[in-house]
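For reference, the chains in residue letters:
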Amino acid sequence: MEILTFTTQQHWTTWFAVYLFLGGMGAAVVAVSFLTHMYLREEKELVMWGAISGVVMMVVGSGMLFLHLLNKWAIFYIVAIVTLIAIMRSKAIKFRIPLTP
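Residue indices follow the written sequence of each chain, beginning from 1 at its first position. Side-chain atom pairs in this predicted model are given and counted only at pLDDT of 80 or more, local residue features only at pLDDT of at least 70, and totals for whole chains, interfaces and linings cover all residues. Derived side-chain values reflect all non-hydrogen atoms in the structure, with water molecules and hydrogen atoms excluded from consideration.

K.L.:
Outline the confidence of the model for the chain, listing residues and values.
P.N.:
If pLDDT is low for a region, its predicted coordinates should not be looked at in detail. Every residue carries a pLDDT, the predictor's confidence in it, which falls somewhere between 0 and 100. Residues at a pLDDT of 70 or more form 71% of the chain, whose mean pLDDT is 76. A helix here means a DSSP run of H or I that spans at least four residues, while a strand means a run of E at least two residues long, and both kinds are numbered starting from the N terminus. Mean pLDDT across the elements of the chain ranges from a minimum in helix α1 (residues 6–9), with 58, to a maximum in helix α2 (residues 14–39), with 86.

Here you go:
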């Protein structure tokens, strides 16, 4: 089920991929640095650099997300389109209407 259509891709720009990437990588780096601290206690500098860089990545990604969410019309448009597509698909499945010709 594809909800990301060409019309919504105009509003979800490359910022979307970048802040998801930064958030995921930041969380992974923090998790790995904490695991390193648990099992390799003598590597305190590595743990500190990992934790600091992970938090910085998450802060930058979150900042980009909040800046992107300031465009309220884009968010409203995407939510409206996704909701409309979901409603149309649920009705098509309920009444067994083929979605493609």
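Don't stop here, the text continues.
K.L.:
If you had to explain the packing of α2 against helix α3 (residues 44–69) to someone new, which residues and values would you point to?
P.N.:
Angular values range over 0 to 180 degrees, each being the angle between N-to-C directions of two axes fitted as lines to C-alpha atoms, with helices fitted over their stretch in contact. Axis separation between α2 and α3 bottoms out at 7 Å; the angle between their running directions is 155°. Put simply, α2 runs roughly antiparallel to α3. As for the relative orientation of α2 and α3, their crossing is left-handed in sense. Residues that form the contact of α2 with α3 fall into these classes: 18 nonpolar, ten polar and one charged. Small angles under 35 degrees read as roughly parallel and large ones over 145 as roughly antiparallel, with 65 to 115 read as roughly perpendicular and the rest as oblique. When the near helix sits turned anticlockwise from the far one by under a right angle, the crossing is termed left-handed; a clockwise turn instead gives a right-handed crossing. For this classification, Asp, Glu, Lys and Arg are treated as charged, while Ala, Val, Leu, Ile, Met, Phe, Trp, Tyr, Cys and Pro are nonpolar and the rest, including Gly, are polar.

K.L.:
Describe α3, and please don't skip the residues or the numbers.
P.N.:
Between its first and last C-alpha, α3 extends 37 Å over 26 residues, near the 38 Å set by a 1.5 Å rise per residue. Restricting attention to buried positions, one finds in α3 the residues Val47, Gly50, Ala51, Gly54, Gly61, Met64 and His68. Helices are assigned an expected span. That span is 1.5 Å times one less than the residue count. Throughout this description, buried means an accessible area under 20% of the type-specific maximum (1.4 Å probe, protein chains only), exposed means over 50%, and partly exposed covers the range between.

K.L.:
Go over α2 with me, naming the residues and quoting the values.
P.N.:
Each full turn of the α-helix corresponds to 3.6 residues, which orients residues three or four apart in the same direction. Taking 1.5 Å per residue, 26 residues should reach 38 Å; α2 reaches 37 Å between its end C-alpha atoms and fits that length. Working rule for contacts: check all heavy atoms of both residues, and any pair within 4.5 Å makes them a contact. In this fold, the buried residues of α2 make contact with α3.

K.L.:
Describe the environment of alanine 28, with residues and values.
P.N.:
By secondary structure assignment, the location of alanine 28 is in helix α2. When the C-alpha positions of alanine 28 and glycine 54 are compared, they lie 7.5 Å apart, and in sequence the two are 26 residues distant.

K.L.:
Which residues make up a nonpolar patch on the surface, and what values do they have?
P.N.:
Patch building starts from residues that exceed 30% relative accessible area and form no salt bridge, then joins like charges within 9 Å and nonpolar side chains (Val, Leu, Ile, Met, Phe, Trp, Tyr) within 5 Å. Only the protein chains shown count as cover for residues, and all accessible areas are computed by the Shrake-Rupley method using a 1.4 Å probe. One side-chain nitrogen of Lys or Arg within 4 Å of one carboxyl oxygen of Asp or Glu is enough to make a salt bridge. On the surface, Leu35, Met38, Tyr39 and Leu40 cluster together to form a nonpolar patch covering roughly 450 Å² of accessible area. Its location among the elements puts leucine 35 in helix α2.

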